[in-house]
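Listed here are the chains, written in short residue letters.
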There are 2 protein chains.
Amino acid sequence: MNFKLTIQYDGTDFCGWQVQDNERTVQGELQRVISLLEGAEVHVAGSGRTDSGVHAEAQIASVKLSKPFTSEKLRAAINGNLWGDVRIMNVEKAPEEFHARFSAKGKTYVYRVVNAPVMSPFWSRYAHHESRPLDVARMNDAARLFLGKHDWTAFSAANSDAEHRVRTVQEFNVESRWDARAGASLIEFTIRGDGFLRYMVRSIVGTLLEVGRGEKDFDTIQTAVVGGDRNLAGATAPAHGLTLVKVYYE
Amino acid sequence: MNFKLTIQYDGTDFCGWQVQDNERTVQGELQRVISLLEGAEVHVAGSGRTDSGVHAEAQIASVKLSKPFTSEKLRAAINGNLWGDVRIMNVEKAPEEFHARFSAKGKTYVYRVVNAPVMSPFWSRYAHHESRPLDVARMNDAARLFLGKHDWTAFSAANSDAEHRVRTVQEFNVESRWDARAGASLIEFTIRGDGFLRYMVRSIVGTLLEVGRGEKDFDTIQTAVVGGDRNLAGATAPAHGLTLVKVYYE
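All values derive from a computational prediction rather than experimental measurement.

A.B. asks: Kindly report on the pairing of strand β8 (residues 166-179) of chain B, identifying the contributing residues and their values.
C.D. replies: All names here are of chain B. Of the pairings in the sheet, the one linking strand β7 (residues 148-151) to β8 comprises 4 bridges and is antiparallel in character. Bridge pairing in β8 places K149 opposite T168. Note that β8 and strand β9 (residues 184-193) share 10 bridges and pair antiparallel. Within the sheet, the bridge partner assigned to R177 lies in β9 and is L186. Following β8, the chain reverses through 4 residues before pairing antiparallel with β9; G183 in that reversal takes a positive phi of roughly 60 degrees.

Listed below in structure tokens is the structure:
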């Protein structure tokens, strides 16, 4: 039986999604627990990797099991063996051909920034702190320059092993709202695409933050997006502001 | 010069507000840091204690200093010496007679509950988890029974050393809203009063949770509030769901 898992995790204390020797990873924890329940080694396929410190509100994974678990029992059994910073929110039976990574059609990430003189302790794990003023309307205007199908070499890890670096950004909005707990403006960069290269979202957000501080103009961005010159991109924004919020399937 | 400090803290890793030997407390951290800056031992007066694990979005404290700090510099200097789970959000100069505790006219606390089968990792530090269904409308109706001036013996710590146990609850609402990050209903119990005894909010919320689960009726609550019989109150709700959100001054 093939199962589709919806997973939340606070990435703070994980070395990312992908299993690694001697490191605590989300995939590693899930494989350890589900292998125990199955009584045999299992492979948990995620929709994609997330880097160390990156969070997920709805990561998707698939796993094939031979034992006759019900969805509800499987969810409870897995959660009962995990620490509280990772949780299976939902389990459902999936068609045999469903694969969390290969069946994925796209993803939405949110990057959060608290723009205030002082960083609220309630957001310090989940948002990047910027104390300098940010022009949200200008960043939202500049966000349009990233829409469309491009080669994202300028906005991805230099050592990325991706063969093809062409991806399509379908939606990208920058919005600010008052967050009462932070006592500050919380800026959310929401980006949807058919796929993302390593560091791509954080590099794009880092570039927009320079726009928001008035340090980068639209022409430079346009040139970086079209021309693929890595030197024109901004600094990569820190991992802990980034959250995977949705994975799309047909 | 007398200063008024507005403080946020994530109570998870603190043994409460009040200074204690060999324990990490918020008051202890603040007094350590501000004494260093002042070059002499200082007393930081809080609006009141919060228990171990309880959070604050806007705790108020006052402190008298002889060095000529500006508000901005004092804030930056204190924050620069604290861990990220406690932050001075604001500093302002206050009249000589201002005292965070004695000048306080009342407080508002929020108690948060995630009502869902699975607890989101993003709320596990800040909200109590209840997987059984809760009747929010019924809890909100029952909340009215707690309004007014009463002796709160039945809803406070047995070993409370408070001489007078009469307090007035001025507002009390129970509201539920969808929280996208939790993927669940977040229920907020918002209570305002002229003061609260130790465990009072958590005991009242614990009692209302029994109402919400259909385990306690309105008559029992009425009798507990009026008659002061501790056996009629519910279990004390866990500390980590509780947050001090506002302290009122004239």
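A.B. asks: Any details on the interface of chain B and chain A? Residues and values, ideally.
C.D. replies: Listed per partner, the contact involves 29 residues of chain B and 29 residues of chain A. Between chain B and chain A, a total of about 2000 Å² is buried, with carbon and sulfur atoms accounting for 59% of that surface. Linking chain B with chain A are 2 salt bridges. Between E57 of chain B and R181 of chain A there is a salt bridge, with its nearest N and O atoms 3.7 Å apart. Within the residue set of the side of chain B that touches chain A, elements represented by two or more residues are β1 (2-9), β3 (55-64), α2 (71-79) and β4 (86-94) of chain B. Looking at which element gives the most residues to the side of chain B that touches chain A, the answer is β4 of chain B, with 4 residues. A per-class count over the side of chain B that touches chain A returns 14 nonpolar, 7 polar and 8 charged.

A.B. asks: Could you give an account of the pattern of salt bridges, with specific residues and numbers?
C.D. replies: If you walk through the whole model with that rule in mind, you get 35 salt bridges over all chains. Between K64 of chain B and E96 of chain B there is a salt bridge, with the nearest N and O atoms lying 3.5 Å from each other. One end of the pair, K64 of chain B, is in strand β3; the other, E96 of chain B, is in the loop between β4 and β5 (106-115), with 32 residues separating them in the sequence. E96 of chain B gets classed as partly exposed once you look at its relative accessible area, which sits at 46%. Among the salt bridges present, the one from R213 of chain B reaches E215 of chain B, with a minimum N-O distance of 3.0 Å. On the basis of relative accessibility, which here comes to 22%, the residue R213 of chain B falls in the partly exposed class. Assessed through its relative accessible area of 46%, E215 of chain B is described here as partly exposed. Put simply, E57, R112, R177, D179 and E188 of chain A together with R181 of chain B are held in one network by salt bridges that share partners.

A.B. asks: So, the packing of helix α1 (residues 26-38) of chain A against helix α2 (residues 71-79) of chain A: which residues are in play, and what are the values?
C.D. replies: Residues and elements named next belong to chain A. The contact between α1 and α2 brings their axes to 10 Å, and the two run at 120 degrees. By the angle between their directions, the pair α1 and α2 is classed as oblique. By crossing handedness, the relation of α1 to α2 is classed as right-handed. Together, L30, V33, I34 and L37 of α1 and L74, A77 and I78 of α2 make up the contact between the two elements.

A.B. asks: Give me the environment of S131 of chain B: which residues, what numbers.
C.D. replies: Residues and elements named next belong to chain B. Relative to the elements of secondary structure, S131 occurs in the loop between β6 (128-130) and α3 (136-143). Look at S131 and you get partly exposed, because its relative accessible area is 45%. Along the sequence, S131 and H150 sit 19 residues apart, while their C-alpha atoms lie 32 Å from each other. Not counting the four nearest positions on each side in its chain, S131 is found in contact with N115, A116 and P117.

A.B. asks: How would you explain the relation of the copies chain B and chain A if you had to name every residue and give the values?
C.D. replies: When chain B is fitted to chain A, the best match, at an RMSD of 0.0 Å, comes from turning it 180 degrees and sliding it 0.0 Å along the axis. In short, the pair behaves as if placed about a two-fold rotation axis. Distance from the rotation axis, computed per C-alpha, reaches its smallest value in chain B at F122 of chain B: 5.1 Å. In this assembly the copies share their binding face: 100% of the residues contributing to the interface of chain B also contribute to that of chain A.

A.B. asks: Describe in detail helix α5 (residues 218-227) of chain A, supporting the description with residues and values.
C.D. replies: Residue and element names in this part refer to chain A. Among all positions of α5, only I221, A224 and V225 are buried. Relative to the axis of α5, the buried residues are bounded by an arc of 95 degrees and lie together on one face. Exposed and facing more than 90 degrees away from the buried side of α5 are D219, V226 and G227. Those residues of α5 hidden inside the fold are in contact with α3 (136-143), β7 (148-151) and α4 (200-212). G228 sits one or two positions beyond α5 and adopts a positive phi of about 75 degrees.

A.B. asks: Which residues make up α3 of chain B, and what values do they have?
C.D. replies: Residues and elements named next belong to chain B. For α3, every residue scored as buried is listed here: V136, M139, A142 and A143. Projected down its long axis, α3 shows its buried positions confined to an angular sector of 125 degrees, all on one face. Of the surrounding elements, those touching the buried residues of α3 are β8, β9, α4 (200-212) and α5 (218-227). For α3, the side-chain oxygen to backbone nitrogen distance between the N-cap and A137 is 3.3 Å, and the N-cap itself is D135.

A.B. asks: Requested: an account of the packing of aromatic side chains, with residues and values cited.
C.D. replies: Under the definition given, this model contains 20 aromatic pairs over all chains. Taking the centre distance of 6.4 Å and the plane angle of 15 degrees together, the rings of F146 of chain B and W152 of chain B count as stacked. A residue is classified by how much of its surface remains accessible, and F146 of chain B, at 0% relative accessible area, is buried. One aromatic cluster is present, formed by F146, W152, F155 and F172 of chain A through successive ring pairs. Geometry around Y248 of chain A places R192 of chain A over its ring, the cationic atom sitting 3.7 Å from the centre.

About the cut-offs
- Position labels on residues start from 1 in each chain and follow its written sequence.
- Here the convention is simple: chains get letters from A, ligands get numbers from 1, in the order in which they are written.
- Restriction of local features to residues with pLDDT of at least 70 applies here, the model being predicted, together with a cutoff of 80 or more for giving and counting side-chain atom pairs; totals for whole chains, interfaces and linings are based on all residues.
- Side-chain numbers here rest on the full set of heavy atoms in the structure, without hydrogens or water.
- For two strands to be treated as a pair, DSSP must find no fewer than two bridges joining them.
- Helical segments are the DSSP runs of H or I of at least four residues, strand segments are the runs of E of at least two, and each set is numbered from the N terminus.
- By the convention used here, residues are in contact when the closest approach between their heavy atoms is within 4.5 Å.
- For any pair of parts, buried area is found by adding up, for both, the accessible area (1.4 Å probe) each one loses once the two are put together.
- Basic side-chain nitrogens of Lys or Arg form a salt bridge, by our definition, when they fall within 4 Å of a carboxyl oxygen of Asp or Glu.
- Each residue is assigned to one class: nonpolar for Ala, Val, Leu, Ile, Met, Phe, Trp, Tyr, Cys and Pro, charged for Asp, Glu, Lys and Arg, and polar for all the others, Gly among them.
- For the exposure calls, accessible area comes from a 1.4 Å probe over protein chains only, and a residue counts as buried if that area is under 20% of its type's maximum, exposed if over 50%, partly exposed in between.
- Angles shown run from 0 to 180 degrees and are taken between the N-to-C directions of axes, each axis being a line fitted to C-alpha atoms and, for helices, limited to the stretch in contact.
- Put simply, angles under 35 degrees are roughly parallel, angles over 145 are roughly antiparallel, angles from 65 to 115 are roughly perpendicular, and the rest are oblique.
- Handedness of each helix crossing follows the sense of rotation of the near helix against the far helix: counterclockwise by less than a right angle gives left-handed, clockwise gives right-handed.
- Superposing copies: least-squares fit, C-alpha atoms only, residues required to have pLDDT of at least 70 in both.
- To obtain the arc, one takes the directions from the helix axis to the C-beta atoms.
- Any N or O atom pair separated by 3.5 Å or less is treated as a polar contact, with the protein-specific requirement of one donor-capable and one acceptor-capable atom, and with residues adjacent in sequence counted only for side-chain atom pairs.
- Any two of the Phe, Tyr and Trp rings considered here, Trp counted by its six-membered ring, make a pair once their centres fall within 6.5 Å; the pair's planes then place it as stacked at under 30 degrees, edge-to-face at over 60, or tilted in between.
- Placement of a positive charge over a ring is assigned whenever Lys NZ or Arg CZ falls within 6 Å of the ring centre and within 35 degrees of the normal to the ring plane.

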